[in-house]
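Listed below are the residues making up each chain.
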Number of protein chains: 2
Amino acid sequence: MFKPILKNLVEQTPGAQSAILMGCDGISVDHFTADVTVEEDGQSIAVEFAAVVTEVSHAASLLKVGGLDEIAVRCGNLSILLSMLTKEYFVALLVDRDGNAAKGRYLLRRDAHLLRAALD
Amino acid sequence: MFKPILKNLVEQTPGAQSAILMGCDGISVDHFTADVTVEEDGQSIAVEFAAVVTEVSHAASLLKVGGLDEIAVRCGNLSILLSMLTKEYFVALLVDRDGNAAKGRYLLRRDAHLLRAALD
């Protein structure tokens, strides 16, 4: 039920490696990876970033700047887009540095309601 | 030496509240705030996010995805843009939710070399 939505996110974003639906506890619910040889890397990255999501959510709540919606991280050879679906679940999209992270961000905003509906 | 560059970032970004040059230890080097009544909030936000920068930098290094360049966080009523200048210093730009964070990101990329040169 989640995989077709995750697959669509990866396939429509130039340079996307994988999309992972995760809990803030770091447990992956479902994922789609373009290249299975990098699948394990994507999982490790998402687990690390679950801790970041929890910390930023907590900081946002302390600082009264409203609920956390998105985090985008740009590193030397990867962009990591994290979009909150509910207070407990988020979707991570991993995009190559020379891929189109802006399109990925747009698609995450466009399709978040589909993942939320599937989570219900 | 930093203030004119920080002031320019705030004044050229629609909806920007403040720009803060910080160390990853959470100590502010310099800042410029558009509205002094929210100055203290900006400082608290930057201090909280110094911890996030350190954690994401550490994760990026563990995961071998290249050095951390930027983090963008979108919350209910604020966007927080963090751009690494060196391994130890970053600049934070706080933009209202209805401001132009994309322009802020562009200006941070454009002017990062000026802040780096001033840090040397």
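See the structure shown above.
The rules we used
- Residues numbered from 1 in each chain as written.
- Chains lettered and ligands numbered in written order.
- Predicted model: local features only at pLDDT ≥ 70, side-chain atom pairs only at ≥ 80, totals over all residues.
- Heavy atoms only, no water.
- Helix = DSSP H or I, 4+ residues; strand = E, 2+ residues; numbered from the N terminus.
- Buried < 20%, exposed > 50% of the residue type's maximum accessible area, 1.4 Å probe, protein only.
- Pairing = 2+ DSSP bridges.
- Axes fitted to C-alpha atoms, helices over the stretch in contact; angles between N-to-C directions.
- Contact = heavy atoms within 4.5 Å.

Is there a simple way to think about unusual backbone geometry in this case?
A negative phi holds for most residues other than glycine; trans holds for most peptide bonds. Even without being a glycine, lysine 64 of chain A presents a positive backbone phi close to 55°. If you trace the backbone, lysine 64 of chain A turns up in the loop between α2 (39-63) and β3 (68-75).

How do you make sense of the pairing of strand β5 (residues 89-96) of chain A when you look at a structure like this?
Here is the key point about a regular strand: its side chains alternate between the two faces of the sheet. Residue and element names in this part refer to chain A. The buried fraction of β5 is high, at 6 of 8 residues. Bridge analysis of strand β1 (residues 16-23) against β5 gives 7 bridges, and the strand direction is antiparallel. For methionine 22, the partnering residue across the bridge sits in β5 and is phenylalanine 90. Pairing analysis gives 7 bridges linking strand β4 (residues 78-84) to β5, with the strands arranged antiparallel. Across the sheet, the residue bridging to leucine 81 is leucine 93, located in β5. Here β4 hands over to β5 after 4 residues, the two strands then running antiparallel side by side.

Got a minute to help me understand the sheet that holds strand β5 (residues 89-96) of chain B in this structure?
The strands that make up a sheet are held in pairs by hydrogen bonds between backbone atoms, and each pair lies either parallel or antiparallel. An order of β2(A)-β1(A)-β5(A)-β4(A)-β3(A)-β3(B)-β4(B)-β5(B)-β1(B)-β2(B) is seen for the 10 strands of this open sheet, with the pairing classed as antiparallel. If you trace the sheet from one side to the other, it starts and ends with β2 (28-33) of chain A together with β2 (28-33) of chain B, each paired once. Neighbour to neighbour, the strand axes of the sheet diverge by 10° on average, direction disregarded. Those strands touched by helix α1 (residues 3-12) of chain A are β1, β2 and β5 of chain A, and its axis lies near 40° from that of β2 of chain A. Running over the sheet, helix α1 (residues 3-12) of chain B touches β1 (16-23), β2 and β5 of chain B and is turned about 40° from β2 of chain B.

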